[in-house]
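Per-entry structural report
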Amino acid sequence: MMKKYSTVYATALAIVGSTEGFAPINSSSCRRRGAATATLPSSSEAIILKDTQAARASSTSFQSQDTSSCTTALRHTTTTTLHMSSNDNNEGPGPVTAIFISLVLLFFVVSAFAPLLDFASIQPSNQDLNLGDAVITRQDDINRLKNYQSKFDAVAPLRIQQKLSNLPVFYIAKSDGGMDTNIYFSYNEANTAAASSSSGEGGVVKVTTLDQIMYPLILKREGIVTPTKSTPIEIKNAIASSSSSSSASGSSTTYKLIPSAAALNDAKETGTTLKEGDVPLFSVARLAFAGSGGQPQVPLFLEKADGVTSYTRLGKSDEAVVRTTSLLDVLDSMERGTRPAVGQLEFYGNAEDVMKADEMSR
């Protein structure tokens, strides 16, 4: 499950209708044909009476059928003539039809231009945007892109989950099928905490991914994550317990993300203040990786050292310019689309912890 994390570093690169007519029928010819069929030949005197009566019966039947056919044809001719005369006199569709067509055309015009109007209304004016603007950092001008928000830049929940799945996290599993409320980004720190548990229960350090616990356990949002067969049993139990406790008493167990000591020290050095339970993230100016489909990615690192190392490996001779943000700020920006191209941000865990997660998942 975790093997994909270590390969991330190996594959990263810089960067109106038809009218049916009828054939004309000559009514005078029908009358002539009817008259002709009613006359018997002059040689009928030489025919015996029986044959004469049979001939008359046959002639009368033929006349009746022919007259019926002509009557039907004349009826069609009259109907067609009336319809044609009606179209010629009206010169186009009636007023009701015309209004309906106009409304349909108006609907399509508005539908075509509405997105453009919406896009224009939410874009900042007279500002040059670049890929670096995809992330909110504490070093940005407070007024830059302050009112920016676009539904076109908002990231769907499923995509956010996919991005969070790039980050392994470690938790302490208890013997009763439960788990400790602290969830670590550093394996070593999780292992130390398990060994020095004040409760005396101890526990085993296990690994999962951030997408499994971020929304249901940390942010307490139900309906976004559905446990699967690959979800650890302790995570399933915690989600079920949290959901039932919240429904019954209005409160549930509080789980907290624990950044690594190195990340907290980096945040302190850069003057980055964090809310309770938030996690610092580090971005390096002019650093981007090639993502799937050739789209550039803006990496966000859990630790400053990983960002600086990646920048140096690209052959950059100048000093890396590191900017800081936080996990909760980035998730909020993705959900609301408060930065252009915010969907091109990607999370990168500490290299050693990523490899350890791969090892534990085998």
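Note: the structure precedes this text.
Residues numbered from 1 in each chain as written. Predicted model: local features only at pLDDT ≥ 70, side-chain atom pairs only at ≥ 80, totals over all residues. Heavy atoms only, no water.

In the contact formed by helix α5 (residues 157-164) and helix α7 (residues 210-218), the axes pass within 7 Å of each other and the chain directions differ by 125 degrees. Judged by the angle between their axes, α5 and α7 are oblique. Contacts between α5 and α7 pair Ile 160, Gln 161 and Leu 164 from the former with Leu 210, Asp 211, Met 214 and Tyr 215 from the latter. (Axes fitted to C-alpha atoms, helices over the stretch in contact; angles between N-to-C directions. Helix = DSSP H or I, 4+ residues; strand = E, 2+ residues; numbered from the N terminus. Parallel < 35°, antiparallel > 145°, perpendicular 65-115°, else oblique. Contact = heavy atoms within 4.5 Å.)

Turning our eyes to something else, we now look at α7. Counting buried residues along α7, nine of its nine residues qualify, which places the element largely inside the surrounding structure. Those residues of α7 not exposed but buried are Leu 210, Asp 211, Gln 212, Ile 213, Met 214, Tyr 215, Pro 216, Leu 217 and Ile 218. (Buried < 20%, exposed > 50% of the residue type's maximum accessible area, 1.4 Å probe, protein only.)

Positionally, Thr 324 belongs in strand β8 (residues 322-326). Judged by its relative accessible area of 1%, Thr 324 falls in the buried class. A distance of 2.7 Å separates polar atoms of two side chains, one belonging to Thr 324 and the other to Thr 272. If we skip the residues at most four places from it in the chain, Thr 324 touches Ile 136, Thr 137, Arg 138, Gln 139, Thr 270, Thr 272, Leu 281 and Phe 282. (Polar contact = N/O pair within 3.5 Å; in protein donor to acceptor, adjacent residues only side chain to side chain.)

Moving on, we come to the pairing of strand β1 (residues 168-173). When you tally the buried positions in β1, you get six out of six residues, the bulk of the element. Examined bridge by bridge, β1 and strand β3 (residues 204-209) share six bridges and lie antiparallel to one another. Across the sheet, the residue bridging to Ala 173 is Val 204, located in β3. The hairpin turn running from β1 into strand β2 (residues 179-184), its antiparallel successor, is five residues long, and Gly 177 in that turn takes a positive phi close to 90 degrees. (Pairing = 2+ DSSP bridges.)

Within the secondary structure, Gly 337 is located in the loop between α11 (327-336) and β9 (345-348). A relative accessible area of 0% places Gly 337 in the buried class. Along the sequence, Gly 337 and Ala 156 sit 181 residues apart, while their C-alpha atoms lie 10.0 Å from each other.

Moving on to the nonpolar core. Formed by 36 residues in total, the largest nonpolar core has its most connected members in Leu 164, Leu 210, Ile 213, Leu 257, Leu 327, Leu 345 and Phe 347. Mapped by element, the contributors of at least two residues to this core are α5, β1, β2, α7, α8 (233-249), β7 (296-301), α11 and β9. In terms of residues, this core owes the most to one element, α7, which gives six residues. When residues no more than four places from it in sequence are discounted, the contact partners of Leu 164 are Leu 210, Asp 211, Met 214, Tyr 215, Leu 327, Leu 331 and Phe 347. (Core = buried A, V, L, I, M, F, W, Y, C linked by side-chain atoms within 4.5 Å.)

If you check which residues of helix α12 (residues 351-360) are buried, you get Asp 353, Val 354, Ala 357 and Asp 358. The buried residues of α12 occupy an angular sector of 145 degrees when projected down its axis, which confines them to one face. The opening residue of α12 is Asn 350, an N-cap whose side-chain oxygen sits 3.0 Å from the backbone nitrogen of Glu 352. (Arc of directions from axis to C-beta.)

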